[in-house]
Amino acid sequence: MSYFGSLGGMRFSLSLTYLFLYNLLQFCGHTWVFANMTARFLSFGEDAQAGTFYFVGVMMGACQLLSLLELFHIADGFEECRLFPRFMQVMERNVLLFLLISLEEFRSKPIVCVQFYLWNILGLLRYPNELFCVIGTPYFKMLWVHQTLSIPVYLLSAVTEGISILYMLLYFSESEGMDSVRLKVPASMYIYSPYVLMGWLLLLVLGSSLTVILLLKERKQNLESWNKKLKND
């Protein structure tokens, strides 16, 4: 992971200051959500699962909406990494959040709590490493942890996202019939949700599979590059 190729005299530039503040904000947001969820779980046990979305949903949504900026970071050359894996991760989370906002009956499901935990673990693995990269002092152990643990956690996250969509499809078919249920969006944007969900589920399976392959390649390249740098030093 690198920014602008070489930091050099640009370390204190406006762009790097922005990237530092962005990653710090994301880290603080994910830390707050993770700590809040954990505290509630320790205090109320399984009963805390039902209220997860209502207590941390706003902050979780803010973090995921902000993550859309990461696509511009890569497209503008601020950050040097593959665009497709990041695009899939960002869109998966934001689409599922949109569905949760649209389907009030689904927000209290335990799978939502599991999903939020996995998203936050990914954030806590990612953003500390990003902060070290921005300030020009990448830490090998943190890089290794991020590159190694993020892949299985992402895979689990994608699986739980697929399970969430399957639950939504079952809810539609059991409640009002698949042809009549629509997402709660403005009248001009009515969507036949079962077909949208089935299409998104297919894209999720294909996209997440390709994402895992690309992340494995990226991990291999980054670790090999770091090992060469250590040998040269």
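Cut-offs used in this document
Residues numbered from 1 in each chain as written. Predicted model: local features only at pLDDT ≥ 70, side-chain atom pairs only at ≥ 80, totals over all residues. Heavy atoms only, no water. UniProt positions renumbered as here; feature names shortened; annotations may be inferred. Helix = DSSP H or I, 4+ residues; strand = E, 2+ residues; numbered from the N terminus. Buried < 20%, exposed > 50% of the residue type's maximum accessible area, 1.4 Å probe, protein only. Contact = heavy atoms within 4.5 Å. Core = buried A, V, L, I, M, F, W, Y, C linked by side-chain atoms within 4.5 Å. 1 Å grid on protein atoms, 1.4 Å probe; cavity = no way out; pocket = protein on both sides within 12 Å on 5 of 7 lines; lining within 4 Å. Points joined across faces, edges and corners; volume = space filled by probe spheres on them. Nonpolar A, V, L, I, M, F, W, Y, C, P; charged D, E, K, R; others polar.

For the protein, an unreviewed UniProt entry supplies the name Very-long-chain (3R)-3-hydroxyacyl-CoA dehydratase and the organism Onychostoma macrolepis. According to its UniProt record, the protein has this under Pathway (unreviewed entry): "Lipid metabolism; fatty acid biosynthesis." What the UniProt record of the protein gives under Sequence similarities (unreviewed entry) is the line "Belongs to the very long-chain fatty acids dehydratase HACD family."

A.B. asks: For the UniProt feature "transmembrane region" (unreviewed entry) in the protein, give the residues involved together with the corresponding values.
C.D. replies: Annotation from UniProt places "transmembrane region" (unreviewed entry) at residues 12-33, 53-72, 151-172 and 192-216. Helix makes up 90% of residues 53-72 and strand 0%. Its end C-alpha atoms lie 28 Å apart. The distance from the first to the last C-alpha atom of residues 151-172 is 32 Å, and the span holds 100% helix and 0% strand.

A.B. asks: Would you mind going over the side chain of S208 in detail, with residue names and values included?
C.D. replies: Along the chain, S208 turns up in helix α7 (residues 193-232). Taking the relative accessible area as the measure of exposure, S208 reaches 8% and is therefore buried. If we ignore the near neighbours within four places in the chain, the residues touching S208 are M88, E92, Y154, A158 and L203.

A.B. asks: Which residues make up the environment of Q49, and what values do they have?
C.D. replies: Tracing the backbone through its elements, the reader meets Q49 in the loop between α1 (14-44) and α2 (52-66). Note: C-alpha distance between Q49 and P110 (61 residues apart in sequence) is 5.5 Å. Those residues in contact with Q49, other than ones at most four positions away along the chain, are F41, S108, P110 and C113.

A.B. asks: So what's going on with the nonpolar core? Residues and values would help.
C.D. replies: A general tendency of soluble globular proteins is for nonpolar side chains to be buried together. In this structure, L100, F116 and M168 are the most contacted members of the largest nonpolar core, which totals 25 residues. Listed by contribution, the elements that provide at least two residues to this core are α1, α2, α4 (83-102), α5 (110-134), α6 (140-175) and α7. The biggest single contributor to this core is α5, with six residues. The contacts of L100, once residues within four sequence positions are left out, are F53, F106, R107, V112, F116 and M168. Of all hydrophobic cores here, the second largest spans nine residues; its members include L118, I151, Y154 and V212.

A.B. asks: Pulling in residues and values, what's your account of the layout of surface pockets?
C.D. replies: Where empty space is left can be seen by rolling a probe of water-molecule size over the atoms. Its boundaries defined by the atoms lining it, the second largest pocket holds a volume of some 160 Å³. Around the second largest pocket, the lining residues are F53, G57, V58, G61, L65, N94, L97, F98, I101 and R107. Among the elements of the structure, α2 and α4 are those that each provide at least two residues to the lining of the second largest pocket. Broken down by element, the lining of the second largest pocket gets its largest block of residues, five residues, from α2. Across the lining of the second largest pocket, the residue classes break down as six nonpolar, three polar and one charged.

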